[in-house]
Amino acid sequence: MALQERTRRSLLRLRHQLEQDIKPQDLMDHMISDGVITVDEEEKVRIKPTRKDQAAALIELLLRKDDRSFISFYNALVKETYYDLAKPLYQDLPGVSFNGRKGSFDSSETSVQIMLSEGGVPQRPVVFVSRPELLNQVRMKLDLLQKDAGGWVTVFGMAGSGKSVLAAEAVRDQRLIEECFPNGIHWLSIGQLDKSDLLVKIQSLCFRLEQNLDSQSQQRPPTSLDEAKERLRFLMLRRFPRSLLILDDIWDSSVLKVFDIHCRILLTTRNRSLTDSVSGAKYEVEVESGLDDRKALEILALYTKMNQNALPVEARDIVKECKGSPLVVSLIGALLKDKPNRWDYYLRQLRQKQFKRIRKSSSYDYDALDQAMAASIEVLPDEHRELYKDLTVLQKDVKIPAKILCVLWDLEPEEVEDILQEFVNKSLLFVDNNSRLNLYYLHDLQLDFLVEQNRDQIEVCRHYSLHSKAAPTSGDEGRLYWIRFLTYHLAKAQMFQELYSLMFSLDWVRMKAKVMGPAPLINDYMEYGPILDKENSEVCSQFQEFLSLNGHHLEQRPFPDVVQLALSQPHSSAVYRQAREQALHPANAGKLYFELINKRSIENLSRLVIHPHLGSIYSACFSHDGTKIASCGASKTLKVFKSTSGEKLIEIQAHDEEVLCCTFSPDDHLLATCSSDRKVKVWNIQQGKLLRTFEEEHEEQVNHCEFTNMSQRLLLATCSNDSILNVKLWNLNKPSSQNTMFGHFEPVNHCCFSPDDAYLSTSSNDGTVKLFQVSAANEWKTIDVKSFLSESDDEDVLVKCSTWTADGKRIICAARNAALVFDVQTSDMLLDIKTNRLSTVQYCHACPASNLLALAFSNYAIELWDLEEKKKRADCSGHLSWVQQVQFSKDGSQLLSCSDDQTIRLWETEKVHTSSAVSLKRDSDVLFDGEEIIVSAADNCNRLQVRDGRTGSVLFQSQELPFRIRSTCMCRNPSAVVLGQENGNVQVKNVLALPSGKLLATLLGHTKTVLHFQFCQNGQTLITSSEDTTIRVWKWKSGECKVLQGHKEQVRCFSLLSDSANDSRLLSWSFDGTVKVWDIESGEKLQDIKAHQGAILSCHVSPDRCLFATTSADKTTKLWSCESWQCVFTLRGHQDCVRSCRFSWDSKRLATGDDNGEIRIWSVKDGSLLKVCSQESKDATDSVHGGWVTDLHFSPNNSVLVSTGGYIKWWDVARGESLQTFYPTGSALKKIHVSPDFSTFVTIDNIGILYILKRVA
């Protein structure tokens, strides 16, 4: 039967693109397996001179075939990941169905075959030996999955035991598919994948699944593992609930958790315990490592195409020497296939013990493998034998494309593919052809053999590495391999100069970090640092520091500009010098780059910043040896990573609700976690395996857990929100608690063992800390913390935590905004550390190796105190939200902190100091005068500071004022600075021309916080607005004042309608939704406009003074005429409060920004939307701009727009595309001051750091 007409048209329509892109040989392999083309037809296609000619011949062949051939061709395209070509063919697939599925045949046997092919299930191998007992076991377990909403069948056994073949054969069954999995079988080959490779695999699977849906249900590929997991969960549970997912060769439990989506899964693995880390019903089938003699003989018979009874007598001896290893039997069988008269020869080779190695393993039979490997290699042509030995340079469990071997062997791709195919045919090499590129790899037994026989392979590595200029550059597997392992090969080849050049290149940093993240790069610097000389060692430290402090940015998408990040490094750093050189390079002409000109006044005291979780991090702790850090939080996961680089070691989905605490055992072998789900769990670190769950005794959330300090008598303490039974001690060998401590009748927030484990301190919402004897579980004493902080018994005092000094003689308690130090024996208070009244102490920890005390605060800060000297040693700023926990390393050299901002920071205790304490408030003013930049702002001690922006030097600093400074403004002539306070007072000081700080005037009148100032009329008049709903116009030298009253809510800002001295009109706006126009000379209200239903958040007057714009919490923007005072346009489209607006200098465009981080550019002429400024992609938890868009400014030529939010961004106005991003240490930028020439930008972040950025030119 010929092709249907619509199918023929579809093929002809796509013919040119198919001929350009497809690789016919790969597709024909699948089509031959499906039985739709013959070997002779394949040969006629294959002999064509070029790949394009072959593709054209295949299309011609297809046009003469039937619908079955077209379906097979489509399935082959999907199998080989030609998604862009398969997609347009899908809608024209012939309507042949199997249980309602396209792409299948009428014949039930062929239907099964095509369903499996479409799902990526490998074809039956050429030499196949049935194992009916194991097959029946697997099918029986798969039948059991029918009754489970989701479950796992694990097929486990040693490498080479035939697990994958068994799994594929088990689902090659019509009854099983029809009754259990009519929605499809989907196969994924996993192996040892990194995150990016795993994401590609899941993207491919989602594409296959979505091709069976209508076009409206198809989506863009998921861009993160979390998104991919949710997409796959939806597809498998909602769209294909009766399908089976097969995961082949799983190594890592963290990979398995990505597929923990409550669907039906069959997996093959060497590790029987992998499914301990996932939920759902679980069944197992063990594949014995050895074949019986009959099966082994059957393999040899199939290879040699002989009847099993006709095999020579040597066959049984060969099987005996192979000791049942399927891998070794296959190696010998492949040899006999080509040389069937060499039975005796290969038997002798197996019997000779010529390779003397000392190896012991219960899994592998190395001696038999050695003999088989040696015989297999010996029959290779001489030149190929040497090439095979070159494979010694490969790493275990790494699959490589042919392109890499083209570099290694210096041969053309076609020659390499032919050689590799010869190795595959002789079972000397394995090939994974489940992706567009064939990936080749050695079994680890084979690689062990090669390494043992070819130890001196430095020259091979050198040959390999000398061709680094020829590294593949396209986005393929070759490029990925090169990025992962180039430093390894250079180091092995002792090519140290080339290694230096590579590692100390920002281009390399950009390339590797973009593909693999920052942790592998940091590991490179740590691993190869010791082999560098002193000069390069210093550069290595600078690059490592750059990555450690910016790694959390390098994990963002879209990927940040590495050069821009590097420009913030110190001038003495090689990283900065290289970045500046690149920024000034002619190739980057026209690109925007900005550098901090006040970087000497900015200190980054963190040693490493890690972003391990999505969600608040409630707990983080060092292992006792200091090499690892564990963390947990709102994401419900427990993670363990290296303390040096942040590289993830373990990830466990630990609890059903938020994980509130984690702690290491003294020997670092165990981790305990506790959660809002009322459970306490103990984990084996090495295996990531759950050892014990205590879930019966705590009835409310468990707030904290802690092991004893010593292993001799290991106990675990827990405390909870239970009203009475809230503190417990657990012996891990017992199923129930060993003791319950009685005494608290309110929730207990924290518990902590004394250094000698004799006592347990507990901190409670009842305002006390109690000390219990661990041995008897009796209360020893109570410290009434509440009595030291509260004047009334009715006041609540919540004690957050307690910590013991290293000598066990003092205990420190955290409550409210204080840390109190008590003598353990007398309960006397020795020291009262009181801090900012606006923040609370969240946690405290005493250093086990010194007199330092660390305090974590709700105002994002960390303080270090010296308990002996009774003074603060340092302030550590950097976190952007509440700091939940701090902990010293055992030797006291490092401090870690975790926060609601989703980061963990590591600090070196010897490098932090008190100078970092000075921070500025975000309400500021800036004067630009040529090269001079003057900044005024209040500091964290409520003093007014005036600074030289270029040098960072303080020109003036006031005394600490009693009421909080909320606003400031400067005037050049007359020389004055004005500040407004919370009590409504306004002070005018002389600090610019002669920085004496002389008070020029105090203006009294406002009754609430002063929010905004503006000088006018040559500095003689000062206008102020306030939370008291009024505007005041002051002749500030005389104190004369006009009060403009009429607004019903606070007036956050105002603007003069003109700079002309003849125009005295003032525009004001308020949270009451109105705009009012005033005459500041007479005090008369000229206009009262009800502009919005919600609060007005910003307003701007066009430079030509014809229009003004208002934005509101009602999500709209309005344009108003300054002549008629009528609304000209209402601009809709923002999905959140519109926070800011700005006209272009030519008054033709208006930019608006909202609280979701979106910026829109509008035409003033007709109110139409011109562009939406947005980045290519964003984190699921983040806005486009990292927060509200709070300020906007156009460049003088109106081509560039700068905006502030969580960070600073510059945009191409015409295209709406991001040109550059600057990431501050903090966040929540309030405003940005821009120089008239648009070259200098000044802002202050929420942790008080001043940034003065100047364009690199």
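Computed from a prediction, not measured in an experiment: that's the story for all the values here. (Residues numbered from 1 in each chain as written. Predicted model: local features only at pLDDT ≥ 70, side-chain atom pairs only at ≥ 80, totals over all residues. Heavy atoms only, no water.)

Caption draft 1: Up close: the overall build of the protein. From N to C terminus, the protein includes 32 helices and 68 strands. Counting only residues that meet the buried cut, the protein has 59% of its 1257 residues in that class. Contacts spanning at least 24 positions in sequence make up 53% of the contacts within the protein whose residues lie at least 6 apart. On the protein, roughly 51600 Å² of surface is accessible, and the fraction owed to carbon and sulfur atoms is 46%. (Helix = DSSP H or I, 4+ residues; strand = E, 2+ residues; numbered from the N terminus. Buried < 20%, exposed > 50% of the residue type's maximum accessible area, 1.4 Å probe, protein only. Contact = heavy atoms within 4.5 Å. Areas by Shrake-Rupley, 256 points an atom, 1.4 Å probe, with all protein chains shown as cover.)

Caption draft 2: Region of interest: the sheet that holds strand E32 (residues 852-857). Taken together, the four strands give an open sheet; going across it, the order is E31-E32-E33-E34, and neighbouring strands pair in antiparallel fashion. In this open sheet, the two edge strands, each paired with only one partner strand, are strand E31 (841-846) and strand E34 (871-876). Averaged over all neighbouring strand pairs, the angle between strand axes comes to 20 degrees, with direction disregarded. By the bridge criterion, five bridges tie strand E33 (residues 862-866) to E34 in an arrangement that is antiparallel. Its bridge partner being in E34, Leu864 is matched across the sheet by Ala874. (Pairing = 2+ DSSP bridges. Axes fitted to C-alpha atoms, helices over the stretch in contact; angles between N-to-C directions.)

Caption draft 3: Quick look at the packing of aromatic side chains. Under the criterion given, the structure shown has 17 aromatic pairs. Ring centres of Tyr759 and Trp780 lie 4.4 Å apart, and the angle between their planes is 20 degrees; this geometry places the pair in the stacked category. Placement of Tyr759 in strand E24 (residues 759-764) and of Trp780 in strand E26 (residues 779-784) is noted, with a sequence separation of 21 residues between them. In this structure Tyr759 comes out as partly exposed when scored by relative accessible area, which is 22%. On the basis of relative accessible area, Trp780 is assigned to the partly exposed category, the value being 26%. Positioned over the ring face of Tyr441 is Lys399, at 5.0 Å from the centre of the ring. The lysine or arginine in question, Arg1139, covers the ring of Trp1188, its NZ or CZ lying 3.9 Å from the ring centre. (Phe/Tyr/Trp six-rings, centres within 6.5 Å; stacked < 30°, edge-to-face > 60°. Lys NZ or Arg CZ within 6 Å of the ring centre and 35° of its normal.)

Caption draft 4: Focus on the side chain of Asn588. Secondary-structure assignment places Asn588 in the loop between helix H31 (574-583) and strand E9 (594-596). A distance of 2.5 Å separates the side chain of Asn588 from the backbone oxygen of Gln582, its partner in a polar contact. Non-local contacts of Asn588, meaning those with residues more than four positions away in its chain, are made with Gln582, Ala583 and Tyr593. (Polar contact = N/O pair within 3.5 Å; in protein donor to acceptor, adjacent residues only side chain to side chain.)

Caption draft 5: Examining the packing of helix H12 (residues 195-210) against helix H13 (residues 225-239) more closely. H13 packs onto H12 with a crossing angle of 30 degrees between their chain directions and a minimal axis gap of 10 Å. The orientation of H12 with respect to H13, classified from their angle, is roughly parallel. The crossing of H12 and H13 is left-handed. Residues Lys195, Leu198, Leu199, Ile202, Leu205, Cys206, Leu209 and Glu210 of H12 form the contact with H13, whose participating residues are Leu225, Ala228, Arg231, Leu232, Leu235 and Met236. A breakdown of the residues in the contact of H12 with H13 according to their chemical character gives 11 nonpolar, no polar and three charged. (Parallel < 35°, antiparallel > 145°, perpendicular 65-115°, else oblique. Left-handed = near helix turned anticlockwise from the far one by under 90°. Nonpolar A, V, L, I, M, F, W, Y, C, P; charged D, E, K, R; others polar.)

Caption draft 6: Representation of the sheet that holds strand E68 (residues 1250-1255). If you walk across this open sheet you meet the four strands as E9-E68-E67-E66, and the pairing is antiparallel. Only two strands of the sheet have a single partner each, and these edge strands are E9 and strand E66 (1233-1234).

Caption draft 7: Geometry of the pattern of salt bridges. A complete count under the given rule lists 47 salt bridges for this structure. The salt bridge involving Lys648 is made with Glu651; its shortest N-O contact spans 2.7 Å. On the accessibility criterion, Lys648 (31% relative accessible area) is partly exposed. Among the charged side chains, a salt-bridge network with shared partners connects Asp143, Asp173, Arg175 and Glu179. (Salt bridge = Lys/Arg side-chain N within 4 Å of Asp/Glu carboxyl O.)

Caption draft 8: Summary view of helix H27 (residues 506-516). Looking only at H27, the buried set comprises Leu506, Trp508, Val509, Lys512 and Ala513. One face of H27 carries all of its buried residues, which in axial projection span an arc of 150 degrees. One side-chain oxygen of the residue at the start of H27 lies 3.2 Å from the amide nitrogen of Asp507, identifying that residue as Ser505. Following H27 by one or two positions, Gly517 has its phi on the positive side, about 90 degrees. (Arc of directions from axis to C-beta.)

Caption draft 9: Region of interest: helix H1 (residues 5-13). Among all positions in H1, only Thr7, Ser10 and Leu11 are buried. Angular distribution of buried residues about the axis of H1 spans 95 degrees; they occupy a single face of the element.

Caption draft 10: Layout of the environment of Ser1026. Along the chain, Ser1026 turns up in strand E47 (residues 1021-1026). Classification of Ser1026 by relative accessible area gives buried; the value is 0%. Here Ser1026 is in contact with His1006, Lys1008, Thr1009, Val1010, Leu1011, Gln1050 and Val1051, once residues within four sequence places are set aside.

Caption draft 11: Inspection of the confidence of the model for the protein at higher detail. On average, residues of the protein score 85 in pLDDT, and 89% of them reach the 70 mark or higher. Contacts of residues 96-107 to residues separated by more than four positions or lying in other chains number 39 contacts, the stretch itself having pLDDT below 50. Here residues 1177-1182 is a poorly scored stretch, pLDDT under 50, and it has 11 contacts once near neighbours within four places are set aside; other chains count. (pLDDT = per-residue confidence, 0-100.)

Caption draft 12: Structural context of a nonpolar patch on the surface. A cluster of nonpolar side chains, contributed by Ile724, Leu725, Phe742 and Phe745, occupies part of the molecular surface with about 420 Å² of accessible area. Assignment of secondary structure puts Ile724 in the loop between strand E20 (716-720) and strand E21 (727-730). (Patch = residues over 30% accessible without salt bridge, like charges linked within 9 Å, V, L, I, M, F, W, Y side chains within 5 Å.)

Caption draft 13: Focus on the side chain of Asp901. Residue position: Asp901 is located in the loop between strand E36 (894-899) and strand E37 (904-908). The side chain of Asp901 sits in the buried core without any salt bridge; Arg905 is the nearest counter-charge, 5.2 Å away. Only 2.7 Å separates the side chain of Asp901 from the side chain of Thr903, close enough to count as a polar contact. Beyond its immediate sequence surroundings of up to four residues, Asp901 is in contact with His879, Leu880 and Ser881. (Lys, Arg positive; Asp, Glu negative; His and termini not counted.)

Caption draft 14: How the structure looks around the environment of Ser1102. Here Ser1102 shows up in the loop between strand E54 (1096-1101) and strand E55 (1107-1112). The buried category is assigned to Ser1102, whose relative accessible area is 1%. With 20 residues separating them along the chain, Ser1102 and Cys1122 place their C-alpha atoms 9.5 Å apart. Setting aside residues up to four positions removed in sequence, Ser1102 forms contacts with Leu1107, Phe1143 and Ser1147.

Caption draft 15: Focus on a negative patch on the surface. Taken together, Asp410, Glu412, Glu414, Glu415 and Asp418 make up a surface patch of like negative charges. By secondary structure assignment, the location of Glu412 is in the loop between helix H21 (402-409) and helix H22 (413-425). Residue classification places Glu412 among the partly exposed residues on the basis of a relative accessible area of 49%. (Charge placed at Lys NZ, Arg CZ, Asp CG, Glu CD.)

Caption draft 16: Molecular detail of unusual backbone geometry. A cis amide bond links Asn973 with the next residue in sequence, Pro974, at an omega value of 5 degrees. Along the polypeptide, Pro974 turns up in the loop between strand E42 (965-971) and strand E43 (976-981). Positioned with a positive phi, Asn942 is a non-glycine residue whose angle comes to about 60 degrees. Mapped onto the elements of the fold, Asn942 is located in the loop between strand E39 (932-939) and strand E40 (944-948).

Caption draft 17: Focus on the packing of helix H9 (residues 132-144) against helix H10 (residues 163-170). The geometry of H9 relative to H10 is characterised by a closest axis approach of 9 Å and an angle of 60 degrees between their N-to-C directions. With respect to each other, H9 and H10 are oriented oblique. Handedness of the H9/H10 crossing: right-handed. Of H10, the residues touching H9 (which contributes Leu134, Leu135, Val138 and Arg139) are Leu166, Glu169 and Ala170.

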